[in-house]
Amino acid sequence: MENENSQVLSALPKRSELHLTRRLWHMMCGVFCVALHYIFDVEIKFWGYFSFAVAIFGFWLDFQRLKKPNLNEKLTKLFGPIMRRSEKLSFSGLPFYALGAGLTIFLFKEEIAVMSILYLVFADPIASIVGVYMGKDRLLPNKTLQGTVAAFVTCLLASLVFAWIIGLKSPNLIIFLFFGAIVGALSELLSAFNIDDNLTIPVVSGAVLSLLNLWLKVV
C-alpha cells in the first residue's frame, strides 16, 4: 500500500512542471463564469456568493481527505490530472481560487473586480507556462523574468479586450490598464513567498486598481 501511495504521489506533476491540463482548467473555469455573468446578465454578487460556497466546500473537502488516507487516495486518482504533487498532502488551489474571486467581487467595483479576476484567470497560468518553457533569468525562487513579462503582457491584453467589450472609454484608460498590468504581474510574484497567488493576484490587483481609479476616474 505504501508503495502504491508513493507511485500515485510521484505521478503527480510538480509546481515547476508544465502541467498543461491544470493550466487549461484554471483558465476555463474563470472564463466560463465571467462569460455566464455577461451573457445572462447575472448579478455579480451571485458569483461572489457562489465563489464563497465553492471555497467553503473546497476547504471542507480538503480537511476531510487530509484526515482520511483512503478518501485522499480516491480523490487524488479522480482529480489527478489537475492536481500538483504538493497538494496530495496539503490544501489544493481550488478553495483559494474561489475565495480570491469571492473577496474581489465583494471588495471592489464590478469592472475592477472582473478585471482583477481576469488577471488571475490568464496571467497566472500563462506566466507559469512561459516560465517553464523559456524562463532563464531568475528573479525569485520559482519566478523568472520571462514569466513575469508574460504575466504583464497577458494582464494588459486581457484588460484591453475586456475594456473594449464593455465599452470603457476614458482619456486615462491606457495609463490605467498599463499600471494595472504591472500590478497584476507583480502580485503574481508574491507566490514565491509562500503566499497563494490565487488570493494575491485578484485582491492586490483590485486594491491597487481601485486606488488608481480614484486618481484617473476610468470606471
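The structure under discussion appears in the preceding block.
Below is a summary of the structure that appears in this document.

### Quick look at a nonpolar patch on the surface
Link 1 in the chain: Together, L139, L145, V149, V153, L157, L160 and I174 give the surface a local cluster of nonpolar side chains, amounting to about 580 Å² of exposed area.
Link 2 in the chain: Element by element, the count of residues in the nonpolar patch is highest for helix 7 (residues 145–166), at five residues.
Link 3 in the chain: Tracing the sequence through the fold places I174 in helix 8 (residues 173–189).

### A look at the pattern of salt bridges
Note on pairing: side chains with opposite charge can pair once their charged atoms come close.
Link 1 in the chain: Tallied over the full model, the rule gives four salt bridges.
Link 2 in the chain: Close ionic contact of K88 with E73 constitutes a salt bridge, the shortest N to O distance being 2.6 Å. One end of the pair, K88, is in the loop between helix 4 (69–79) and helix 5 (94–107); the other, E73, is in helix 4, with 15 residues separating them in the sequence. Across this residue pair, the class does not change: K88 and E73 are buried.
Link 3 in the chain: A salt bridge links K143 to E188; the shortest N-O distance between them is 2.6 Å. Of the two residues, K143 sits in strand 2 (residues 143–144) while E188 sits in helix 8, which places them 45 residues apart along the sequence.
Link 4 in the chain: Classification of K143 as buried rests on a relative accessible area of 7%.

### Some words on the packing of aromatic side chains
Link 1 in the chain: Counted according to the given criterion, the structure contains 12 aromatic pairs.
Link 2 in the chain: On the numbers, 5.0 Å between centres and 80° between planes, the contact of F46 with W47 is edge-to-face.
Link 3 in the chain: The exposure class assigned to W47 is buried, which follows from its relative accessible area of 11%.
Link 4 in the chain: Feature note: the residues F59, F63, F91 and F96 constitute an aromatic cluster, connected by ring pairs.

### Some thoughts on helix 5
Link 1 in the chain: Look at helix 5: 20 Å from first C-alpha to last across 14 residues, which is about the 20 Å you get at 1.5 Å a residue.
Link 2 in the chain: Buried-residue contacts for helix 5 involve helix 2 (20–39), helix 3 (44–67), helix 6 (110–134) and helix 9 (197–216).

### Topic: the environment of W215
Link 1 in the chain: Along the chain, W215 turns up in helix 9.
Link 2 in the chain: With 39 residues separating them along the chain, W215 and F176 place their C-alpha atoms 9.5 Å apart.

### Examining the nonpolar core
Link 1 in the chain: Residues V114, M115, Y119, L173, F176, L177 and L209 are the most contacted members of the largest nonpolar core, which totals 33 residues.
Link 2 in the chain: Breaking this core down by element, the ones donating at least two residues are helix 2, helix 3, helix 5, helix 6, helix 7, helix 8 and helix 9.
Link 3 in the chain: Counting residues per element, this core draws most heavily on helix 6, which supplies 10 residues.

Rules of the game
Residues numbered from 1 in each chain as written. Predicted model: local features only at pLDDT ≥ 70, side-chain atom pairs only at ≥ 80, totals over all residues. Heavy atoms only, no water. Patch = residues over 30% accessible without salt bridge, like charges linked within 9 Å, V, L, I, M, F, W, Y side chains within 5 Å. Areas by Shrake-Rupley, 256 points an atom, 1.4 Å probe, with all protein chains shown as cover. Salt bridge = Lys/Arg side-chain N within 4 Å of Asp/Glu carboxyl O. Helix = DSSP H or I, 4+ residues; strand = E, 2+ residues; numbered from the N terminus. Buried < 20%, exposed > 50% of the residue type's maximum accessible area, 1.4 Å probe, protein only. Phe/Tyr/Trp six-rings, centres within 6.5 Å; stacked < 30°, edge-to-face > 60°. Expected span 1.5 Å × (residues − 1). Contact = heavy atoms within 4.5 Å. Core = buried A, V, L, I, M, F, W, Y, C linked by side-chain atoms within 4.5 Å.

Don't take any of this as a statement about function, it's just geometry.
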